[in-house]
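The lines below spell out each chain.
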Amino acid sequence: MNNNKIKKIFVKSYGCQMNVYDSDRIKNLFEPKGYQETSDVEDADLIVLNTCHIREKAAEKVYSDIGRITKKRTKANSSKAQFVIAGCVAQAEGEEIKKRAPQVDFIVGPQSYHNLPSMIEKNEEFVSDDFLQNEKFKNLLFKSSNKISEFVSIQEGCDKFCTFCVVPYTRGSEFSRPVNQIKLEIKKYIESGVQEVILLGQNVNAYHGENENNMSVDLPYLINSISEFDEIKRIRYMTSHPNDMTQSLIDTHVSNAKLMPFLHLPIQSGSDSILKKMNRKHTRKKYIDIVEQLKSKRPDIALSSDFIVGFPGETDNDFDYTMRLVKEIEFSIAYSFMYSPRPGTPAFKLNQIDKPIKKARLSALQSLLKEQQIKFNKSFVGKNIEVLFDRKGRYENQFIGRSIYNQSVFTNSKKNLIGKIMQTHISHSTDFALQAEII
Ligand code: SAM
Ligand code: SF4
């Protein structure tokens, strides 16, 4: 129980990097109000669950966590805390949360959480689910929590309406922040030592914000503009859509040395028939063409993707197309999910594939992807690679960083390596990481 005067805030983030970014902003908003972060939910005066609605499991986890936290606090005899559900479950299921979890005090969607401090102060509104992207960004506070690498949200929402996806309904329509606003945020992070920015957006390469002259500019413009900061050594962006992978963005991977040779480009399926049913508006060939172009200009580029297996109507033949695409492209890392029917999306009403079939396909795809990841990591053993070290490891003198290809790299050093870009020699690889010696 928290008996002293300092108020404590507990924030749990579910799902994507965008939620991690939002959770940091929520913490920043409460700092001037005298709140300190705590990782102990029993000690908190304010509990915020920043939720994810992308798959059924993620949404259900929130309800079980609300129950678990309430039980834990009752058992510890903690004093009453304000309970907030933020994020995409709040946006999609505000009324359901009220019914299923009456102990929740405030419900706030991902585009209106800047209102949270005043909602709590005035105890005025229970649900805030407006889409206020522009107003939100003008009212946020930005303070770096990680001194070396920071996420920066540059674009939110989506107008693409893939038939499986809740994002257009939970995050609203596409919105791009102005260049100046983004650069001011990055300047703040630079003051505390940030050297890498990861530009975030649900469709980050559809970015079309305004520049200083009120002209609409694209992602390559923004990347080049950010790279003018001497202190920023590395730039990454995610997540991209194949239809917005322009020639100019491909060329920026060659012309801008600060843009890292790694691209997360979800395809979802290797079958044209399934891509059509998903309303992806791109074909297998278009995806392969993009990859070929990228590789012809930047042969070392590491590729990553997302896959959904068991989408309604997916046959063995369709799945085989996915497996063959993976074999043809070879990914450095990739994420795969069983299709999860989401209420309110067009695919929800379609006939669903049996769970054992979905499971078997997921398992086959995941073993292939794992094999490729291991092979990719192994190919660096005995080679030199540049790493930006950004945190301490679990063991004494251990440091962890990221290679230019986004792999985790571990090393041992008596000198503090945090914030250092070092040439390293890779001595061996594990499934998910590299072990290096400093050269
Ligand atoms: N904008 C990105 C794109 O166009 O691919 C994807 C963003 S989405 C937040 C992240 C990933 O979640 C998707 O790439 C997809 O693989 C997965 N996903 C989304 N909806 C899903 C669903 N209903 N079932 C399973 N996986 C889903
Ligand atoms: Fe969802 Fe991405 Fe499709 Fe938009 S483009 S609807 S975010 S999967």
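Whatever comes next refers back to the structure up there.
Residues numbered from 1 in each chain as written. Chains lettered and ligands numbered in written order. Predicted model: local features only at pLDDT ≥ 70, side-chain atom pairs only at ≥ 80, totals over all residues. Heavy atoms only, no water.

*Asks:* Mind showing me how you'd approach the overall build of the protein chain here?
*Replies:* A tally of regular secondary structure across the protein chain gives 13 helices and 19 strands. The C-alpha radius of gyration of the protein chain comes to 22 Å, within 12% of the 22 Å expected for a compact globule of 439 residues. Projected onto the principal axes, the alpha-carbon positions of the protein chain cover approximately 60 × 60 × 50 Å. Relative to its 439 residues, the protein chain shows a buried fraction of 56%. (Helix = DSSP H or I, 4+ residues; strand = E, 2+ residues; numbered from the N terminus. Rg over C-alpha atoms; globule rule 2.2 N^0.38 Å. Buried < 20%, exposed > 50% of the residue type's maximum accessible area, 1.4 Å probe, protein only.)

*Asks:* Hey, could you run me through the site of ligand 1 in this one?
*Replies:* Taken together, 17 residues lie around ligand 1, and Q202, Q268, R280, D306 and S340 are the ones closest in. One of the side-chain N or O atoms of R55 is found 3.2 Å from a nitrogen atom in ligand 1. In this structure, an oxygen atom belonging to ligand 1 sits 2.6 Å away from a side-chain N or O atom of D306. Protein burial of ligand 1: of its 570 Å² of free accessible surface, 90% is covered by the chains. Of all the elements in the fold, those that place two or more residues in the shell around ligand 1 are β13 (302-309) and β14 (333-338). Partitioned by chemical class, the residues of the shell around ligand 1 number 8 nonpolar, 5 polar and 4 charged. (Near = heavy atom within 4 Å. Polar contact = N/O pair within 3.5 Å; in protein donor to acceptor, adjacent residues only side chain to side chain. Areas by Shrake-Rupley, 256 points an atom, 1.4 Å probe, with all protein chains shown as cover. Nonpolar A, V, L, I, M, F, W, Y, C, P; charged D, E, K, R; others polar.)

*Asks:* Is there a simple way to think about the packing of helix α11 (residues 284-297) against helix α12 (residues 316-329) in this case?
*Replies:* Packed helices, taken two at a time, are described by the angle between their axes plus the distance between the axes. Contact geometry for α11 and α12: axes closest at 12 Å, N-to-C directions at 5°. Between α11 and α12, the interaxial angle falls into the category roughly parallel. Two secondary-structure elements touch here, α11 through R284, Y287, I288, V291 and K295 and α12 through Y321, R324, L325, E328 and I329. Classifying every residue of the contact of α11 with α12 gives 6 nonpolar, no polar and 4 charged. (Axes fitted to C-alpha atoms, helices over the stretch in contact; angles between N-to-C directions. Parallel < 35°, antiparallel > 145°, perpendicular 65-115°, else oblique. Contact = heavy atoms within 4.5 Å.)

*Asks:* I would appreciate a short explanation of the pattern of salt bridges in the present structure.
*Replies:* Evaluation of the coordinates by the stated rule reveals 29 salt bridges. A salt bridge links R68 to D65; its shortest N-O distance comes to 3.3 Å. Remark: D65 and R68 occur in helix α2 (residues 56-75); sequence separation between them is 3 residues, near one turn of the helix. Using a relative accessible area of 1% as the deciding quantity, one classes D65 as buried. With its nearest N and O atoms 2.9 Å apart, the salt bridge here joins E314 to R361. (Salt bridge = Lys/Arg side-chain N within 4 Å of Asp/Glu carboxyl O.)

*Asks:* How do you make sense of the nonpolar core when you look at a structure like this?
*Replies:* Most often, soluble globular proteins have nonpolar side chains that are buried together. Judged by nonpolar contacts, the single largest core of 73 residues is most densely connected at L199, I226, Y237 and F331. With near-sequence residues (within four places) excluded, I226 lies in contact with I182, I186, V197, L199, I232 and I235. Residues C52, A59, A81 and I107 belong to the second largest nonpolar core, which totals 21 residues. (Core = buried A, V, L, I, M, F, W, Y, C linked by side-chain atoms within 4.5 Å.)

*Asks:* Is there a simple way to think about the site of ligand 2 in this case?
*Replies:* For ligand 2, the full set of nearby residues is C158, K160, F161, C162, F164, C165, V167, P168, N203, H241 and R280. Here the shell around ligand 2 is built from residues that sort into 7 nonpolar, 2 polar and 2 charged.

*Asks:* Quick question: what am I supposed to make of the packing of aromatic side chains here?
*Replies:* The relative placement of two aromatic rings is captured by the distance of their centres and the angle of their planes. All told, the structure shown has 9 aromatic pairs when counted by the stated rule. On the basis of an interplanar angle of 10° and a centroid distance of 6.1 Å, the ring pair of F137 and F175 is categorised as stacked. Separated by 38 residues along the polypeptide, F137 in helix α5 (residues 133-139) and F175 in strand β9 (residues 175-176) bring together distant segments of the chain. Ring centres of F380 and Y405 lie 5.4 Å apart, and the angle between their planes is 45°; this geometry places the pair in the tilted category. Taken together, the residues F380 in the loop between α13 (355-378) and β15 (384-392) and Y405 in the loop between β16 (398-403) and β17 (408-412) connect sequence positions 25 residues apart. When sorted by exposure, F380 lands in the same class as Y405, which is buried. (Phe/Tyr/Trp six-rings, centres within 6.5 Å; stacked < 30°, edge-to-face > 60°.)

*Asks:* How do you make sense of the sheet that holds strand β10 (residues 196-200) when you look at a structure like this?
*Replies:* Backbone hydrogen bonds are what pair the strands of a sheet, in a parallel or an antiparallel way. Read across the sheet, 3 strands follow the order β7-β10-β11 without closing on themselves; strand pairing throughout is parallel. The open sheet has two edge strands with one neighbour each: β7 (149-153) and β11 (234-238). Between one strand axis and the next, the sheet turns through 25° on average, direction left out of account. As paired elements, β7 and β10 share 5 bridges and run parallel to each other. Across the sheet, residue V152 finds its bridge partner in β10, namely L199. Contacts from helix α7 (residues 179-191) reach β7 and β10 within the one sheet, and its direction differs from that of β7 by about 160°. (Pairing = 2+ DSSP bridges.)

*Asks:* I keep staring at α13 and nothing clicks. Help me out?
*Replies:* Because an α-helix packs 3.6 residues into every turn, residues spaced three or four apart end up facing the same way. The end-to-end C-alpha distance of α13, which contains 24 residues, comes to 34 Å, matching closely the 34 Å that a straight helix rising 1.5 Å per residue would cover. Residues K358, R361, L362, L365, L368, L369, Q372, Q373, F376 and N377 constitute the buried set of α13. Contacts made by the buried residues of α13 are with β13, α12, β14, β18 (421-429) and β19 (433-438). (Expected span 1.5 Å × (residues − 1).)

*Asks:* Whenever I open this one, the state of the cysteines confuses me. Can you help?
*Replies:* One way to say it: the disulfide is the covalent bond shared by the sulfur atoms of two cysteines. This model, assessed by the stated rule, comprises 0 disulfides. Looking at C16, it has no disulfide partner, and the nearest cysteine sulfur is the one in C52, 6.2 Å off. (Disulfide = S-S within 2.5 Å.)

*Asks:* Sorry, what's going on with the environment of Y237 here?
*Replies:* Here Y237 lies in strand β11. Assessed through its relative accessible area of 3%, Y237 is described here as buried. Separated by 75 residues in the primary sequence, Y237 and C162 have C-alpha atoms spaced 21 Å apart. Sequence-distant contacts of Y237, defined by excluding residues within four places in its chain, comprise L199, V204, L219, I223, M245, L249, H253, L259 and L263. A distance of 2.7 Å separates polar atoms of two side chains, one belonging to Y237 and the other to H253.

By themselves these figures say nothing about function.
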